[in-house]
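Below, each chain spelled out in residue letters.
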Amino acid sequence: MNFRKGKGREDPEINLIPFIDVLLVILIFLMVSTTYSKFTELQITLPTAEAQKPEEKPFELNVTVDAKGNYTINGDPVSFRDVAGLAQAMRGAAEKGGLKDKEPVVIVNADQFAMHQMVVNVMEAARVAGFEKLTFAAQTGGGK
């Protein structure tokens, strides 16, 4: 005898909340009980190198030219009448720096609005003074 007429089989319903709770407890347990250790298994011996003593920094003679025509050598203002006077001031600054045997590196720091002739004067004075190493300072990054 089948008293259940019209009623079909009901699909079973799975409750996921207890399942999620159990998984979270397991996850927390694993996180707490896991040890985090650094990898110290890789032991290496670094090679050694015999390096030479670094070369001494050359003496620098900083000649600055501003837009108004003022000259400074290593921060000291100089005045002169001609290129020979500037060359003499450069030799004096090199001797003042304790330079006798080595030749200094002349670094020209010219303002962007300085006249071209002013920079040429510094170059000519370095040649007259006997300084062959000459370089120009410049800003990097497109300064204003």
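See the structure shown above.
Before going into details, it helps to say that this report is about the structure given with it. Everything quoted here is computed from the prediction, not taken from an experiment.

The rules we used
Residues numbered from 1 in each chain as written. Predicted model: local features only at pLDDT ≥ 70, side-chain atom pairs only at ≥ 80, totals over all residues. Heavy atoms only, no water. Helix = DSSP H or I, 4+ residues; strand = E, 2+ residues; numbered from the N terminus. Buried < 20%, exposed > 50% of the residue type's maximum accessible area, 1.4 Å probe, protein only. Contact = heavy atoms within 4.5 Å. Areas by Shrake-Rupley, 256 points an atom, 1.4 Å probe, with all protein chains shown as cover. Salt bridge = Lys/Arg side-chain N within 4 Å of Asp/Glu carboxyl O.

Let's talk about the overall build of the protein chain
In terms of helices and strands, the protein chain carries 3 helices and 5 strands. Its helices and strands taken in sequence order, the protein chain reads α-β-β-β-α-β-α-β from the N to the C terminus. Every one of the 144 residues in the protein chain was classed for burial, and the buried ones make up 18%. Put simply, of all contacts in the protein chain between residues at least 6 apart along the chain, 69% involve residues at least 24 apart. Surface summary for the protein chain: the accessible area is close to 12900 Å², and the carbon and sulfur share equals 56%.

Section: the pattern of salt bridges
Summed over all chains, the structure comprises 2 salt bridges. The salt bridge partner of Asp 76 is Lys 96, with a shortest N-O separation of 3.3 Å. On the criterion of sequence distance, the pair formed by Asp 76 in strand S3 (residues 76-78) and Lys 96 in helix H2 (residues 83-96) is long-range, its members being 20 residues apart. Classification of Asp 76 as partly exposed rests on a relative accessible area of 38%. With a closest N to O distance of 2.4 Å, Glu 124 and Arg 127 form a salt bridge. Pair noted here: Glu 124 and Arg 127 are both in helix H3 (residues 116-129), with a separation of 3 residues, about one helical turn.

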